[in-house]
Amino acid sequence: MNATTAVTVRVPAKVNLQLAVGPARDDGYHGLVNVFHAVSLFDEVTVSAAPDLRPGTAALSVDGDRPDHVARVPLDDGNLAARAAALLARETPTATGVRIHLSKAIPVAGGMAGGSADAAAALVACNTLWGGGVSRTRLLELAADLGSDVPFPLLGRTAVGTGRGERLAPVPVRGTFHWVFALAEGGLSTAEVFAEYDRLRPDAPQPRLDEELVAALAAGDALRLGAALGNDLQRAALSLRPGLGAVLDVGRDAGALGAIVSGSGPTCAFLVGSPDRARELAAALRDSKECADAVIAHGPVPGATVV
Ligand code: C5P
């Protein structure tokens, strides 16, 4: 039998349907109620054994259609995908050194958890490459150690995250929702957006799940979902990047059912009623010149999958 020499994992981006942010905790993180929704923008992460590298160490490479986004991906051992390989190697006796290739379609530093998705994919890919010894439950724990948004792409679909966002429970969804994402020039730092949130909202209340949003998802009702979308970080993202207000206005004026900043931004997310409406809205966004580009996706989709 040939040993597996390369494993590719496909992993989705997320948009936050509700992002309710509480006051800063003693550890610096914020208590969240975070409704994650996996959408059909996928990165592919390919891991191959590199006998020339020490076990648990990684050499990274990256490609993608958007040179400005590819240029923002760190290729040192601070990359979350490299840290994922190192963390998993600590509990895998068969671990090797690895080459990790990231093929990016998820916006980089865009508020769609692309780096977290790559880390989740690296966990699954390395676990498969090294013999699959670590349980799914343990992978979810390792993911939470890597970052608040890393467990969700292991699950995919739609889920609510509590704590700092890493404690997940699936949320039932009927049917498929159609989305358009407006990409921005340049990224935003999640930590800086949270810091701006603290400055603007020193008196934030404890976050609570929006039951109307949950009901809209269960009913598969895009009109209700559009009205219920909410992101407490939006004001902070707009404060740091005022031009996003015009992007949201273009989408609203073109008939989006809901328009929000995705996570910590600067990507903006628009919910529409059909694939045709998505194509029209994407064209309107591109024509407006208020954003760098617009891409279409649907959700929910499954989490990290070996291909
Ligand atoms: O968990 P992660 O490393 O992805 O978080 C990145 C940054 O986002 C944190 O350093 C923190 O500043 C902020 N954050 C937060 N509260 C959370 C999640 C993230 O303040 N629940």
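All values derive from a computational prediction rather than experimental measurement.

In the vicinity of the ligand, the contacting residues are G28, Y29, H30, L32, G147, S148, R164, T190, A191 and F194. In the environment of the ligand, an oxygen atom lies 2.6 Å from a nitrogen or oxygen atom belonging to the side chain of S148. Measuring from a nitrogen atom of the ligand, one finds a backbone N or O atom of R164 at 2.9 Å. For the ligand, the accessible surface in isolation is 450 Å², of which the surrounding protein chains cover 73%. For the shell around the ligand, the elements supplying multiple residues, two or more each, are β2 (30–49) and α6 (190–200). Examining the composition of the shell around the ligand, we find that 3 residues originate from one element, α6, more than from any other. Taken together, the residues that form the shell around the ligand break down as 4 nonpolar, 5 polar and 1 charged. Two domains each donate at least three residues to the shell around the ligand, and these are domain 1 (6–170) and domain 2 (177–299).

Moving on: the UniProt feature "domain: GHMP kinase N-terminal" (unreviewed entry) in the protein chain. Residues given the UniProt feature "domain: GHMP kinase N-terminal" (unreviewed entry) here are residues 79–156. Here residues 79–156 is 53% helix and 9% strand, with 22 Å between the C-alpha atoms at its ends.

Counted by the stated rule, this structure contains 14 salt bridges. Between D27 and R25 there is a salt bridge whose closest N-O contact spans 2.8 Å. Given a relative accessible area of 33%, R25 falls into the partly exposed group. Connected through salt bridges with shared partners, the residues D43, K104 and D118 form a single ionic network.

Among the 20 residues in β2, 16 count as buried, and that is most of the element. Judged from the 16 bridges that link them, strand β1 (residues 6–24) and β2 form a sheet pairing that is antiparallel. Considered in β2, the bridge of V11 is made with D43. Connecting β1 to the antiparallel partner β2 that follows it, the hairpin turn spans 5 residues, and G28 within it adopts a positive phi of roughly 90°. With 6 bridges connecting them, β2 and strand β4 (residues 98–104) associate as antiparallel partners. Each bridged residue has a counterpart across the sheet, and for S48 the counterpart in β4 is R99.

Here we take up the nonpolar core. Ranked by size, the top nonpolar core spans 69 residues in total, and within it I100, W179 and F181 carry the most contacts. Counting residues per element, this core draws most heavily on helix α3 (residues 114–129), at 10 residues. Residue-level mapping places this core at the junction of two domains, with at least three residues from each of domain 1 (6–170) and domain 2 (177–299). If you look at the next biggest cluster of nonpolar residues, it comprises 29 residues, including Y197, A236, A237 and L285.

By the secondary structure assignment, N79 is in the loop between α1 (67–70) and α2 (80–89). Of the polar contacts made by the side chain of N79, one reaches the backbone oxygen of P74; its length is 2.7 Å. With residues near it in sequence (within four places) discarded, N79 still touches L60, V73, P74 and L102.

Bringing the UniProt feature "domain: GHMP kinase C-terminal" (unreviewed entry) in the protein chain into the picture now. With numbering matched to this structure, UniProt assigns "domain: GHMP kinase C-terminal" (unreviewed entry) to residues 214–287. Each end of residues 214–287 is marked by a C-alpha atom, and these two atoms are 34 Å apart; helix forms 58% of the span and strand 15%.

Interhelical geometry of α2 versus helix α4 (residues 136–146) gives an angle of 135° and a closest axis separation of 10 Å. Relative to α4, α2 is oriented oblique. Seen along the crossing, α2 lies across α4 with a hand that is right-handed. Listed contacts from α4 to L80, R83, A84, L87 and L88 of α2 are L139, L142, D145 and L146.

So, about the packing of α2 against α3. In the contact formed by α2 and α3, the axes pass within 8 Å of each other and the chain directions differ by 35°. By crossing handedness, the relation of α2 to α3 is classed as right-handed. Contacts between α2 and α3 involve L80, A81, A84, A85 and L88 on the former and, on the latter, G115, S116, D118, A119, A122, L123, C126 and N127. Residues belonging to the contact of α2 with α3 are distributed by class as follows: 9 nonpolar, 3 polar and 1 charged.

Cut-offs used in this document
- Residues numbered from 1 in each chain as written.
- Predicted model: local features only at pLDDT ≥ 70, side-chain atom pairs only at ≥ 80, totals over all residues.
- Heavy atoms only, no water.
- Near = heavy atom within 4 Å.
- Polar contact = N/O pair within 3.5 Å; in protein donor to acceptor, adjacent residues only side chain to side chain.
- Areas by Shrake-Rupley, 256 points an atom, 1.4 Å probe, with all protein chains shown as cover.
- Helix = DSSP H or I, 4+ residues; strand = E, 2+ residues; numbered from the N terminus.
- Nonpolar A, V, L, I, M, F, W, Y, C, P; charged D, E, K, R; others polar.
- Domains from an automatic or database assignment.
- UniProt positions renumbered as here; feature names shortened; annotations may be inferred.
- Salt bridge = Lys/Arg side-chain N within 4 Å of Asp/Glu carboxyl O.
- Buried < 20%, exposed > 50% of the residue type's maximum accessible area, 1.4 Å probe, protein only.
- Pairing = 2+ DSSP bridges.
- Core = buried A, V, L, I, M, F, W, Y, C linked by side-chain atoms within 4.5 Å.
- Contact = heavy atoms within 4.5 Å.
- Axes fitted to C-alpha atoms, helices over the stretch in contact; angles between N-to-C directions.
- Parallel < 35°, antiparallel > 145°, perpendicular 65-115°, else oblique.
- Left-handed = near helix turned anticlockwise from the far one by under 90°.

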